[in-house]
Amino acid sequence: MVDKQPTKQLTIGELARITGVATSALRYWEELGLVPTPARVSGQRRYPASAVGLVGLILLLRDVGFTLREVKALVASRSDDPGAWRELHQRKLAELDEHIAQAQTARTAIAHALACPHTDIHNCPNFAGVLGARLAGSPLHEAHPH
């Protein structure tokens, strides 16, 4: 006969302490469906030890740029279609590439502004050209192609 030890369950405070996530955030994530509704013992939430890994996954996904809505889709896709996460990751990668390109263009524009020899940037013909192009509807990467 095998003696089964009950698995350790964590209170919300314990889960918060272990993961570094505020109890209010854990409750909010539960409300959003990111964290499954835990069992209750005398009215207190009791999370399985596996909740630590789930909270870690949520933190990691947020760290790499996923929104909570996207995290929810990723967590749900794990049970629906184990391979679906790849498509979600590919979309996020394309989005990040776009953000990186925008940030690089912005950085270049700011560096050029700092290197401008004019005391008042508004007197700079390059600045006037970029400003005119933006006002005409061109995106920054077209308005400031340098």
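In the block above lies the structure referred to throughout.
The following paragraphs examine the structure supplied in this document. Since the structure is predicted, the reported quantities are computational estimates derived from the model, not experimental observations.

Conventions adopted
- Residues numbered from 1 in each chain as written.
- Predicted model: local features only at pLDDT ≥ 70, side-chain atom pairs only at ≥ 80, totals over all residues.
- Heavy atoms only, no water.
- Helix = DSSP H or I, 4+ residues; strand = E, 2+ residues; numbered from the N terminus.
- Rg over C-alpha atoms; globule rule 2.2 N^0.38 Å.
- Buried < 20%, exposed > 50% of the residue type's maximum accessible area, 1.4 Å probe, protein only.
- Polar contact = N/O pair within 3.5 Å; in protein donor to acceptor, adjacent residues only side chain to side chain.
- Contact = heavy atoms within 4.5 Å.
- Pairing = 2+ DSSP bridges.

Some thoughts on the overall build of the chain
On a plain count of helices and strands, the chain comes out with seven helices and three strands. For the chain, the N- to C-terminal ordering of α and β elements is β-α-α-β-β-α-α-α-α-α. For a compact globule of 146 residues, the expected C-alpha radius of gyration is about 15 Å, and the chain comes in at 24 Å, more than 25% above that figure. Principal-axis analysis of the C-alpha atoms gives the chain an extent of 85 × 35 × 25 Å.

Focus: the side chain of E30
With respect to the secondary-structure elements, E30 resides in helix α2 (residues 23–32). Judged by relative accessible area, which is 11%, E30 ranks as buried. Within polar-contact distance, the side chain of E30 engages the side chain of Y47 at 3.2 Å. The residues contacting E30, other than those within four sequence positions of it, are V35, P36, T37, P38, R40, R45 and Y47.

Comments concerning the side chain of R45
Note on placement: R45 falls in strand β3 (residues 44–48). Here R45 falls in the buried class, since its relative accessible area comes to 17%. At a separation of 2.7 Å, a polar atom in the side chain of R45 contacts the side chain of E30. Beyond its immediate chain neighbours, meaning those up to four positions away, R45 contacts L10, T11, I12, R27, E30, P38, A39 and R40.

Structural notes on the sheet that holds strand β1 (residues 9–10)
Taken in spatial order, the three strands make up an open sheet running β1-β3-β2, and their pairing is antiparallel. Both edges of this open sheet fall to β1 and β2 (39–41), since each of them pairs with a single strand only. Summarising the sheet, β1 and β3 pair through two bridges and their orientation is antiparallel. Residue pairing in the sheet places Q9 in a bridge with P48 of β3.

Quick word on unusual backbone geometry
One non-glycine residue, S42, adopts positive backbone phi at about 55 degrees. By the secondary structure assignment, S42 is in the loop between β2 and β3. Residue classification places S42 among the exposed positions, given a relative accessible area of 79%.

Details of the pairing of β3
A one-sided burial pattern is seen for β3, the buried positions being R45 and Y47 and the unburied ones Q44, R46 and P48. With three bridges connecting them, β2 and β3 associate as antiparallel partners. Bridging from a neighbouring strand, R40 pairs with R45 of β3.

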